[in-house]
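Coordinates in review
The lines below spell out each chain.
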Amino acid sequence: MDLFTIIFYAFALLALGAGSVVVFSKNIVHAAFALLFAFFAVAGLYVLLMADFLAITQLLIYVGGILVLVIFGVMLTNTVISVDVKTGTVQSMPAVLLSAALAGMLVGMFWSTDWKVTTQQTLPEATGNELGTMLLTSYVLPFEIASVVLLVALVGAAMIARREKKA
Amino acid sequence: MSIWIPLIKIAVIIGTILNSVIVLVWAERRVSAFMQDRIGPNRVGPFGLLQSFADVVKLVMKEDIIPRNAYKVIHDLAPIISIGIAFSTFAVIPIGNSIELFGENVKLQVADVNVGILYILAITSLGVYGLTLAGWSSNNKYSLLGGLRSSAQLISYELSMGLSIIGVLMIAGTLRLDQIVELQASYIGGWLPAWNIILQPVAFITFVVAAFAETNRLPFDLPEAEPELVGGYHTEYTGLKFGLFFLAEYANMITSSAIIVTLFLGGWHFPYIENLGISPFWLSLLQVGAFCVKVVGVLLFFIVIRWTLPRFRYDQLMNLGWKVMLPLTLANVMGTGLVILAWPWIRNLLGLT
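Just so it is clear, the structure is predicted and the values come from calculations on it, not from any experiment.

We now examine the overall build of chain A. The helix and strand tally for chain A stands at six helices and zero strands. Mapped in sequence order, the helices and strands of chain A form the string α-α-α-α-α-α. Expressed as a percentage of its 167 residues, the buried residues of chain A come to 20%. In chain A, once contacts between residues fewer than 6 apart in sequence are set aside, the share between residues at least 24 apart is 55%.

Next up, the structure:
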């Protein structure tokens, strides 16, 4: 086993381990912290695959942005209201069916896709340039739809916050 | 052999930062004393220079107290996160051009990353963890308030920080910090240094304000506002762990100054020195010197501002961040884009080549 393989398995193990803590932990604070390690491990995998832009974006958006807000929210509910937030299991049957369907879809994708394997060991110069051009030309529709989803979430959050104030 | 070069670079950079922090704390106390018509520390060593070393020894010797109801692991982890992030940002900053040392061409930059600017943004966005976790794990209401304030403040100002960098990126067309510095090492009209502070004045101002907020310096030091919050997020920290937070704050100051210099003040560029015909080795050394002088200048600016402006109120801070800084940076991105689009036309109109 060469160094690359060892590092790959280390990051993969970390991602899987932290991911299972996120899913199975009863304490929501622990789950939030485990998510931190899962995100880091995925960023490490991106670096190994020489996707530098993707790795940095993973750190910037998921670890530095979204997870801060998650931990922020968890910490606030936990400490200020002093209620232990526990996670429980509800509606296990529909959840099992949905997850099984999703897992089947993912595995199907995995087997049917014609994976392009490259032995390239050097970084392509300026990956950000090509990614940006593609996002604003060939993939502009998915890109914009993703931002509409965010807008809807924002409006929804504002609506919920407003309604509580009136009551 | 090649593995030793990065290690030596890391050791040199971290050693320099650690010692600079000690001198910086001394400088801060002397400058503040001067501004308030006092004398400041002047007993230990010449001009009181060894005062900060004595303070470090004192901090190391003190007892480490952890509150009984604190979350111990996270309480220990928080200062380590803070200091780690303060140091790792420095990895991508080019402190000089490449230099010939012992027959090897050494690049004066620890890590030459393709996406240097994004790396800086990503790492600084992690800085919020240190403060937030410290505030939360202490299990103290004042600490928690400090931690909450820091998260809200850092998230709000990160946005303006990123957007003000975009103006620089649009001009440079690259994410590599060494190339951004090299582009600044030219002249407009043959004499005016093409530093980004001249090309992007609005971005420079918004970036500096955001840098103040990101480093929790006055007038943005709400996370540790002493009159309201005892000590803010580090209320429950003593001894060496408090020292680490202290160190991280000053290391962050040095790093932000270095980023400001790299992005806006020409980095290691020493205007007009190319025409003097100095040998490449001494030229590189002089450029490193120019970089250090610029960083020290920005640091002095940080210190003077701290002792000039009072602290913001919390709502003023948020208003400034969201209603002034954000529209300003967005307008700057729009304006820069328009000028870049119209540039060929303007050039024809003015008859420039």
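Right, let's get into the domain arrangement of chain A. Split into domains, chain A comes out as domain 1 (1-84) and domain 2 (130-167). Taking only C-alpha atoms into account, the centre of domain 1 of chain A sits 23 Å from that of domain 2 of chain A.

Two side chains carrying opposite charge are able to pair once their charged atoms lie near each other. Residue and element names in this part refer to chain B. Here the structure, examined in full by the defined rule, presents six salt bridges over all chains. Glu28 serves as the salt-bridge partner of Arg306, at 3.3 Å between the closest nitrogen and oxygen. In this pair, Arg306 sits in helix 11 (residues 280-306) while Glu28 sits in helix 1 (residues 4-35), placing the two residues 278 residues apart along the sequence. One exposure class covers both Arg306 and Glu28, and it is buried.

We now examine the packing of helix 3 (residues 72-88) of chain B against helix 4 (residues 116-137) of chain B. Residues and elements named next belong to chain B. Orientation of helix 3 relative to helix 4, taken along the N-to-C sense of each, is 160°, at an axis distance of 8 Å. Accordingly, the angle class assigned to the pair helix 3 and helix 4 is roughly antiparallel. Between helix 3 and helix 4 the crossing geometry is left-handed. Along its contact with helix 3, which presents Ile74, His75, Ala78, Ile81, Ser82, Ile85 and Ser88, the element helix 4 presents Tyr119, Ile123, Leu126, Gly127, Tyr129, Gly130, Leu131, Leu133, Ala134, Trp136 and Ser137. Along the lines of polarity and charge, the residues of the contact of helix 3 with helix 4 split into 12 nonpolar, six polar and no charged.

Quick look at the nonpolar core now. Counting 103 residues, the largest nonpolar core has Tyr129(B), Ile260(B) and Leu263(B) as the members making the most contacts within it. A per-element tally of this core places helix 4 of chain B first, with 14 residues.

One non-glycine residue, Asp37(B), adopts positive backbone phi at about 60°. Here Asp37(B) is to be found in the loop between helix 1 and helix 2 (51-61).

This paragraph deals with the interface of chain B and chain A. Accessible area lost upon the coming together of the parts is a frequently used measure of interface size. With 20 residues of chain B at the interface, the matching set in chain A holds 25 residues. Both faces considered, chain B and chain A share a buried interface measuring about 2,000 Å² in area, 80% of it formed by carbon and sulfur atoms. Connecting chain B to chain A are zero salt bridges. Here chain B and chain A share one residue pair in polar contact (both at pLDDT 80 or more) between them.

If you look at helix 12 (residues 314-350) of chain B, its biggest bend is around 55°, right at Trp343(B), and the proline Pro344(B) turns up within four residues after that. Those residues of helix 12 of chain B that fall on the buried side of the exposure criterion are Leu317(B), Met318(B), Gly321(B), Met325(B), Leu326(B), Thr329(B), Asn332(B), Val333(B), Thr336(B) and Gly337(B).

Another aspect to go through is the environment of Trp307(B). Residue and element names in this part refer to chain B. As for its position among the elements, Trp307 is in the loop between helix 11 and helix 12. Each C-alpha atom, one on Trp307 and one on Leu59, is 25 Å from the other, the two residues being 248 residues apart in sequence. Setting aside chain neighbours within four positions, we find Trp307 in contact with Glu28, Ser32, Met35 and Gln36. A distance of 3.1 Å separates the side chain of Trp307 from the side chain of Glu28, its partner in a polar contact.

Turning to helix 8 (residues 201-214) of chain B, a few remarks are in order. Residues and elements named next belong to chain B. A rise of 1.5 Å per residue sets the reference length of helix 8, with its 14 residues, at 20 Å; its end C-alpha atoms lie 20 Å apart and thus fit the reference within 8%. Most of helix 8 sits out of view: 10 of its 14 residues are buried. For helix 8, the full list of buried residues reads Ala203, Phe204, Thr206, Phe207, Val208, Ala210, Ala211, Phe212, Ala213 and Glu214. Looking at the packing, one finds that the buried side of helix 8 touches helix 4, helix 5 (141-172), helix 7 (196-199), helix 10 (239-264), helix 11 and helix 12. At the exit of helix 8 stands Asn216, carrying a positive phi of roughly 60°.

So, about the environment of Val230(B). All names here are of chain B. Tracing the chain through its elements places Val230 in the loop between helix 9 (226-229) and helix 10. Given a relative accessible area of 48%, Val230 falls into the partly exposed group. Sequence-wise, Val230 and Leu338 are 108 residues apart; in three dimensions their C-alpha atoms are separated by 49 Å.

All names here are of chain A. A cluster of nonpolar residues, Met134, Leu135, Leu136, Tyr139, Val140, Leu141, Phe143, Ile145 and Val149, forms a patch on the protein surface that exposes about 840 Å² of accessible area. Secondary-structure elements contributing two or more residues to the nonpolar patch are helix 5 (127-136) and helix 6 (140-166). Looking at which element gives the most residues to the nonpolar patch, the answer is helix 6, with five residues. Position of Leu135 among the secondary structure elements: in helix 5.

Calculation criteria
Residues numbered from 1 in each chain as written. Chains lettered and ligands numbered in written order. Predicted model: local features only at pLDDT ≥ 70, side-chain atom pairs only at ≥ 80, totals over all residues. Heavy atoms only, no water. Helix = DSSP H or I, 4+ residues; strand = E, 2+ residues; numbered from the N terminus. Buried < 20%, exposed > 50% of the residue type's maximum accessible area, 1.4 Å probe, protein only. Contact = heavy atoms within 4.5 Å. Domains from an automatic or database assignment. Salt bridge = Lys/Arg side-chain N within 4 Å of Asp/Glu carboxyl O. Axes fitted to C-alpha atoms, helices over the stretch in contact; angles between N-to-C directions. Parallel < 35°, antiparallel > 145°, perpendicular 65-115°, else oblique. Left-handed = near helix turned anticlockwise from the far one by under 90°. Nonpolar A, V, L, I, M, F, W, Y, C, P; charged D, E, K, R; others polar. Core = buried A, V, L, I, M, F, W, Y, C linked by side-chain atoms within 4.5 Å. Buried area = accessible area lost by both parts, 1.4 Å probe. Polar contact = N/O pair within 3.5 Å; in protein donor to acceptor, adjacent residues only side chain to side chain. Bend = angle between axes of the 7 residues up to and from the residue. Expected span 1.5 Å × (residues − 1). Patch = residues over 30% accessible without salt bridge, like charges linked within 9 Å, V, L, I, M, F, W, Y side chains within 5 Å. Areas by Shrake-Rupley, 256 points an atom, 1.4 Å probe, with all protein chains shown as cover.

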